[in-house]
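A look at the structure
Listed below are the residues making up each chain.
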Amino acid sequence: MKILYFGVRAVYNSKLKDEYIDRLFAGILLLKNQEECYRFFEDICTVKELKSLAQRLEVARMLKNQKTYNEIAQKTGASTATISRVNRCLTYGANGYNLVLQRLDGESEIEKK
């Protein structure tokens, strides 16, 4: 996988990389729209797992928007431990949250026009 760091392509070597995860990600990349995502993720995840993933992304979005832990906990129901973990990933992680949030913000800007 190639990741951009300061405009330079670098290889991202995940500690998780294996053939099963490669196949999972390849399958996810084949999904063409939100309905297909709902169908696939409803089959592959429990309701609780999917809601937890969505909650973490919202926590990351709120942290990026300078919201306090209390504001985030009240709005999302996330524990302070979860908020702290997401914050640690935003700061020291693989840049995945930032990548997705930046792209989602770009889509929001296009929708506003």
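For the structure, check the block above.
For the structure given in this document, a descriptive report is provided here. (Residues numbered from 1 in each chain as written. Predicted model: local features only at pLDDT ≥ 70, side-chain atom pairs only at ≥ 80, totals over all residues. Heavy atoms only, no water.)

1. Observations concerning the environment of Ala-94
Mapped onto the fold, Ala-94 is located in the loop between helix H5 (80–92) and helix H6 (96–112). Take Ala-94: its relative accessible area is 35%, and that puts it in the partly exposed class. C-alpha separation for the pair Ala-94 and Tyr-12, spaced 82 residues apart in sequence, amounts to 8.4 Å. (Helix = DSSP H or I, 4+ residues; strand = E, 2+ residues; numbered from the N terminus. Buried < 20%, exposed > 50% of the residue type's maximum accessible area, 1.4 Å probe, protein only.)

2. Brief notes about unusual backbone geometry
Backbone geometry at Gln-66 places phi at a positive 65°, although glycine is not the residue there. One can find Gln-66 in the loop between helix H3 (47–64) and helix H4 (69–76). Phi is positive for Asn-95, which is not a glycine, with a value near 75°. The topology assignment puts Asn-95 in the loop between H5 and H6. Residue class for Asn-95 comes out partly exposed when judged on its relative accessible area of 32%.

3. Some words on the side chain of Asn-98
Tracing the sequence through the fold places Asn-98 in helix H6. A relative accessible area of 17% means that Asn-98 is categorised as buried. In this structure, Asn-98 is in contact with Lys-64 and Leu-90, ignoring residues within four places of it in sequence. (Contact = heavy atoms within 4.5 Å.)

4. So, the nonpolar core
As a rule of thumb, nonpolar side chains are buried together in soluble globular proteins. Residues Val-59, Ala-60, Met-62, Leu-63, Ile-72, Ala-78, Ile-83, Val-86, Leu-90, Tyr-97 and Leu-101 constitute the largest nonpolar core, which totals eleven residues. Looking at this core, the elements with two or more residues in it are H3, H5 and H6. The leading source of residues in this core is H3, at four residues. In this view, Leu-101 contacts Leu-57, Ala-60, Arg-61 and Lys-64; residues no more than four positions away in its chain are not counted. (Core = buried A, V, L, I, M, F, W, Y, C linked by side-chain atoms within 4.5 Å.)

5. Let's talk about the packing of aromatic side chains
Applying the stated criterion across every chain yields a total of one aromatic pair. Ring plane angle 80° and centroid distance 5.4 Å describe the contact between Phe-40 and Phe-41, whose orientation is recorded as edge-to-face. With relative accessibility at 25%, the residue Phe-40 sits in the partly exposed group. (Phe/Tyr/Trp six-rings, centres within 6.5 Å; stacked < 30°, edge-to-face > 60°.)

6. Observations regarding the side chain of Thr-76
Along the chain, Thr-76 falls in helix H4. In this structure the side chain of Thr-76 is engaged in a polar contact, spanning 2.7 Å, whose partner is the backbone oxygen of Ile-72. Excluding residues that lie within four positions of it along the chain, Thr-76 makes contacts with Gln-55, Glu-58, Val-59 and Met-62. (Polar contact = N/O pair within 3.5 Å; in protein donor to acceptor, adjacent residues only side chain to side chain.)

7. Section: the pattern of salt bridges
Within this structure, the stated rule accounts for four salt bridges. Residue Lys-17 is joined to Asp-22 by a salt bridge in which the shortest nitrogen-to-oxygen separation is 2.9 Å. Connected through salt bridges with shared partners, the residues Glu-58, Arg-61 and Lys-75 form a single ionic network. (Salt bridge = Lys/Arg side-chain N within 4 Å of Asp/Glu carboxyl O.)

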